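Tertiary structure, described
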Amino acid sequence: MILTITMNPSVDISYHLERLDLDTVNRVSEVVKTPGGKGLNVTRVLSELGDKVMASGCIGGTTGEYLTEHLDNSIKKCFFSISRDTRNCVAILHDGNQTEILEKGPMLDLDESEGFLNHFKIILKQADVVAISGSLPDGLEQDYYSRMIEIANTYHKKVVLDCSGKALEAVLASKNKPTVIKPNLEELSQLLGRSVSSDIEELKTVLNDDLFSGIEWIVVSLGSKGAFAKHHDTFYRVTIPKISVVNPVGSGDSTVAGISSALLHNESDEDLLTKANVLGMLNAQEKMTGHVNMANYDNLYKQIKVEEV
């Protein structure tokens, strides 16, 4: 089973407008509400893929109740209750644009912070792979993911970490390493304090930096150019076909789902990278975030090229 962690989930609300007029009333004809947050996008894709998945994180209030009620019944729900309300995140689709209004989310107190770690220890025993995604809510120290990874490593669980900024820096500085990280070029540049290009030789040098020592897999998203990966001391270039993109939001999360699934099933390096990229592309072809049409899976799978470089 795969355990997904979303520490700062949301109810995502999409308002569809022909145009957005400021400083007046806008009436919405179409409203879509879905359980949101990077980890829950991972969860949905894993469920659609047919893997056993358990979703956890911190939820509170009526928005938290709405979130759990609207996750598919095939998903095992093991959330930790907190006193403050889960956030809403609003996307206004208008004039061919998308304007987002994102709530910061609840603050967790010390009891809730320690309480979730105890909760995590209990539910972790049911899982083989842990996928941790997204930002930390207020009240949690930047090394919180490092503490979670330490617990997972104690129980010999594989960990896929998809986060950025200070939380990722804390993990890289810690002795507690995840199995996989999935940065993009921008995040690599931020970590190293200099611009990083998609040049293969440069990426080899970058991923051999001591900063990433102890991490088994580093999978770098290159957008339409595919991906570049390092597994132990072996490097791979992934080439993907050109597709018609409908909504790229959530494609990184779908890629995390593919990585997690491949780890669960002990798939080969080539199969892991192919599955991960296919799911990312399938998400980009759909209007809904964190959703894949598995009917198109085999066709795309045959078009992915993974080569050792």
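Keep in mind that this is a model prediction, so the values were computed, not measured.

Re the sheet that holds strand S2 (residues 10-16)
With respect to topology, 4 strands assemble into an open sheet ordered S3-S2-S7-S8, the strand pairing being mixed. The sheet is open, and its two borders are formed by strand S3 (30-36) and strand S8 (97-102), each paired with just one other strand. On average, each strand axis in the sheet is inclined to that of its neighbour by 20 degrees, with strand direction left out of account. Relative to S8, strand S7 (residues 87-94) runs antiparallel, the two being bridged by 6 bridges. Residue leucine 93 lies in a different strand from S8, and its bridge partner there is glutamine 98. Packed on one face of the sheet, helix H2 (residues 61-69) meets S2, S3 and S7 and runs near 85 degrees to S2.

Focus: the packing of aromatic side chains
Under the defined criterion, the tally for this structure stands at 5 aromatic pairs. Between phenylalanine 116 and phenylalanine 120 the ring centres are 6.3 Å apart and the planes differ by 20 degrees, which places this aromatic pair in the stacked class. Taken together, the positions of phenylalanine 116 and phenylalanine 120, both in helix H3 (residues 110-124) and 4 residues apart, correspond to about one turn of that helix. The pair phenylalanine 116 / phenylalanine 120 is uniform in exposure class, with both members buried. Residues tryptophan 217 and tyrosine 236 carry aromatic rings whose centres are separated by 6.5 Å and whose planes lie at 25 degrees to one another, so their mutual orientation is stacked. Placement of the pair is tryptophan 217 in strand S12 (residues 217-221) and tyrosine 236 in strand S14 (residues 234-239), with a sequence separation of 19 residues. Here the two residues tryptophan 217 and tyrosine 236 agree in accessibility, since each one is buried. Taken together, the ring pairs connect Phe80, Phe116 and Phe120 into an aromatic cluster.

So, the UniProt feature "domain: Carbohydrate kinase PfkB" (unreviewed entry) in the protein
Cross-referencing UniProt, the feature "domain: Carbohydrate kinase PfkB" (unreviewed entry) maps to residues 6-290 in the present numbering. Measuring from the first to the last C-alpha atom of residues 6-290 gives 14 Å, for a span that is 36% helix and 24% strand.

Observations regarding the environment of valine 238
Along the polypeptide, valine 238 turns up in strand S14. Separated by 39 residues in sequence, valine 238 and asparagine 277 have C-alpha atoms that sit 8.3 Å apart. Every residue in contact with valine 238, bar those within four places of it in the chain, is listed here: Lys225, Gly226, Ala227, Leu273, Asn277, Ile304, Lys305 and Val306.

Some details on the pattern of salt bridges
Throughout the structure, instances matching the rule amount to 10 salt bridges. Notably, a salt bridge pairs glutamate 114 with arginine 147, separated by 3.1 Å at the nearest N-O pair. Taken together, the residues glutamate 114 in helix H3 and arginine 147 in helix H4 (residues 144-154) connect sequence positions 33 residues apart. Its relative accessible area of 31% is what places glutamate 114 among the partly exposed residues. Under the relative-accessibility criterion, arginine 147 is labelled partly exposed at 31%. One salt bridge in this structure joins lysine 275 and glutamate 267, with 2.6 Å as the shortest N-O distance. One network of salt bridges, in which partners are shared, links Lys38, Asp162 and Asp253.

Describing the pairing of strand S4 (residues 53-59)
Taken across its 7 residues, S4 has 7 buried, putting it largely inside the fold. Here S4 shows no split at all, with Val53, Ala55, Gly57 and Ile59 on one side and Met54, Ser56 and Cys58 on the other all buried. As judged from the 2 bridges shared by S4 and strand S5 (residues 76-77), these two strands associate in the parallel manner. In the strand pairing of S5, methionine 54 is matched with lysine 76. Handedness of the crossover joining S4 and S5 through H2 is recorded here as right-handed. Sheet topology note: the S4/strand S6 (residues 80-81) ladder contains 2 bridges and is parallel. When the sheet's bridge partners are listed, isoleucine 59 is paired in S6 with serine 81.

Some thoughts on the packing of H3 against H4
In helix packing, the relevant descriptors are the interaxial angle and the interaxial distance, both defined with respect to the helix axes. It is the contact of H3 with H4, at a shortest axis distance of 10 Å, that shows an interaxial angle of 25 degrees. Considering their axes alone, H3 and H4 lie roughly parallel with respect to each other. Judged by the sense of rotation from one axis to the other, the crossing of H3 with H4 is right-handed. Facing H3, whose interface residues are Ser113, Glu114, Phe116, Leu117, Phe120, Lys121 and Leu124, H4 presents Tyr144, Arg147, Met148, Ile151 and Ala152. Residues that form the contact of H3 with H4 fall into these classes: 8 nonpolar, 1 polar and 3 charged.

Scoring rules and cut-offs
- Residues numbered from 1 in each chain as written.
- Predicted model: local features only at pLDDT ≥ 70, side-chain atom pairs only at ≥ 80, totals over all residues.
- Heavy atoms only, no water.
- Pairing = 2+ DSSP bridges.
- Helix = DSSP H or I, 4+ residues; strand = E, 2+ residues; numbered from the N terminus.
- Axes fitted to C-alpha atoms, helices over the stretch in contact; angles between N-to-C directions.
- Contact = heavy atoms within 4.5 Å.
- Phe/Tyr/Trp six-rings, centres within 6.5 Å; stacked < 30°, edge-to-face > 60°.
- Buried < 20%, exposed > 50% of the residue type's maximum accessible area, 1.4 Å probe, protein only.
- UniProt positions renumbered as here; feature names shortened; annotations may be inferred.
- Salt bridge = Lys/Arg side-chain N within 4 Å of Asp/Glu carboxyl O.
- Right-handed = clockwise from strand over helix to strand, strands pointing away.
- Parallel < 35°, antiparallel > 145°, perpendicular 65-115°, else oblique.
- Left-handed = near helix turned anticlockwise from the far one by under 90°.
- Nonpolar A, V, L, I, M, F, W, Y, C, P; charged D, E, K, R; others polar.

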